[in-house]
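Breakdown of the fold
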Amino acid sequence: MKKFLCLSLLMSSAMVHAADWTPVFKPLEEGCVGDSPVLSSITEQLITWQQQNDGSARPIVSKNAQQGKYRNVPQNYLRDMTPASIKKMNLGQDYPNYYTHIYVGLKNAQLYQLPIDGFAQYVDGENGVSGKIILFKPMTPQNYNRLKKIKFKIEPDVEFQGSIQKAPNGQVYLWCDSSM
């Protein structure tokens, strides 16, 4: 009996618990313009701008984010975060795939009690396009319908509004465009 109890304690301490990222992303429900302090800290560290020969600037992943070094992020979230990279999004023809997407994969993370793969900040250096995408892991139709019931408010001044979408390939994501 003692061996079973010790083994059970060892196994439970080794289990990884999913961090709840809902407090980090929940402000996006308020018209896509609000950030939690954690999300604001992360997104400020993701992108840097590289000057081009023609005088324009293009967004690239910052060196620290490429190395997975994120300052001022609570440890429970930092444990989940992978180094940032540029990732092509394949979410269908209604989604702007041609912008630069700086992606951060998340290990053992949940949003609205559902597992998520990661999130991306997308930008375009020329026209002020920007926004966030949160990618969910595969889910049941029941969970997708539950997500669709979340009420995303419209930001009154610029009419930004988040939404839960499903790509033709089945990928479920939260899209929050905040382009100016």
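Below: a short report on this structure. Since the model is a prediction, treat every value here as computed from it, not as a measurement. (Residues numbered from 1 in each chain as written. Predicted model: local features only at pLDDT ≥ 70, side-chain atom pairs only at ≥ 80, totals over all residues. Heavy atoms only, no water.)

1. Brief notes about the pattern of salt bridges
- Tallied over the entire structure, the rule returns two salt bridges.
- When the shortest N-O distance is used, the salt bridge between Lys-26 and Glu-29 registers 3.2 Å.
- Judged by its relative accessible area of 41%, Lys-26 falls in the partly exposed class. (Salt bridge = Lys/Arg side-chain N within 4 Å of Asp/Glu carboxyl O. Buried < 20%, exposed > 50% of the residue type's maximum accessible area, 1.4 Å probe, protein only.)

2. Description of the nonpolar core
- Counting residues in hydrophobic clusters, the biggest one holds 39 residues, and the most contacted among them are Trp-21, Phe-25, Leu-46, Ile-116, Phe-119, Phe-136 and Leu-174.
- Contributing elements (two or more residues each) for this core: α2 (22–25), α3 (37–46), β5 (100–111), β6 (114–123), β7 (130–136), α6 (141–148) and β9 (172–177).
- Counting 12 residues, the second largest nonpolar core, distinct from the first, contains Tyr-99, Ala-120, Val-129 and Ala-167. (Core = buried A, V, L, I, M, F, W, Y, C linked by side-chain atoms within 4.5 Å. Helix = DSSP H or I, 4+ residues; strand = E, 2+ residues; numbered from the N terminus.)

3. Quick word on α3
- Burial within α3 is extensive, with seven of its 10 residues counted as buried.
- If you check which residues of α3 are buried, you get Val-38, Leu-39, Ser-41, Ile-42, Thr-43, Gln-45 and Leu-46.

4. Things to note about the side chain of Thr-43
- Residue position: Thr-43 is located in helix α3.
- Here the side chain of Thr-43 touches Ser-40 through a polar contact of 3.3 Å, landing on its backbone oxygen.
- Setting aside residues up to four positions removed in sequence, Thr-43 forms contacts with Asp-35, Gln-121 and Lys-132. (Polar contact = N/O pair within 3.5 Å; in protein donor to acceptor, adjacent residues only side chain to side chain. Contact = heavy atoms within 4.5 Å.)

5. Overview of the packing of aromatic side chains
- Here the structure, examined in full by the defined rule, presents four aromatic pairs.
- Pairing Phe-25 with Phe-119 gives two aromatic rings, centres 5.4 Å apart and planes at 65 degrees, and the pair type is edge-to-face. Highlighted residues: Phe-25 in helix α2 and Phe-119 in strand β6, separated in sequence by 94 residues. With respect to class, Phe-25 is no different from Phe-119; both count as buried.
- Members of the aromatic cluster, connected to one another through ring pairs, are Trp-21, Phe-25, Tyr-77 and Phe-119.
- Between Lys-87 and the ring centre of Tyr-103, over which it is positioned, the NZ or CZ distance is 4.0 Å.
- Positioned over the ring face of Tyr-144 is Lys-166, at 4.5 Å from the centre of the ring. (Phe/Tyr/Trp six-rings, centres within 6.5 Å; stacked < 30°, edge-to-face > 60°. Lys NZ or Arg CZ within 6 Å of the ring centre and 35° of its normal.)

6. Quick look at unusual backbone geometry
- Located in the positive-phi region is Asn-108, a residue other than glycine, with phi close to 55 degrees.
- Tracing the backbone shows Asn-108 in strand β5.
- Assessed through its relative accessible area of 38%, Asn-108 is described here as partly exposed.
- Within the chain, Gln-113 stands out as a residue other than glycine whose phi angle is a positive 65 degrees.
- Inspection of the secondary structure puts Gln-113 in the loop between β5 and β6.

7. So, the environment of Ala-84
- Structurally, the position occupied by Ala-84 is in the loop between α5 (75–78) and β4 (85–86).
- Linking Ala-84 and Phe-119, residues 35 residues apart in sequence, is a C-alpha distance of 9.8 Å.
- If near-sequence neighbours (up to four positions away) are discounted, Ala-84 is found in contact with Leu-46, Val-61, Ala-65, Gln-66, Tyr-70, Ile-102, Tyr-103 and Val-104.

Honestly, that's just the spatial picture; any functional story needs more than this.
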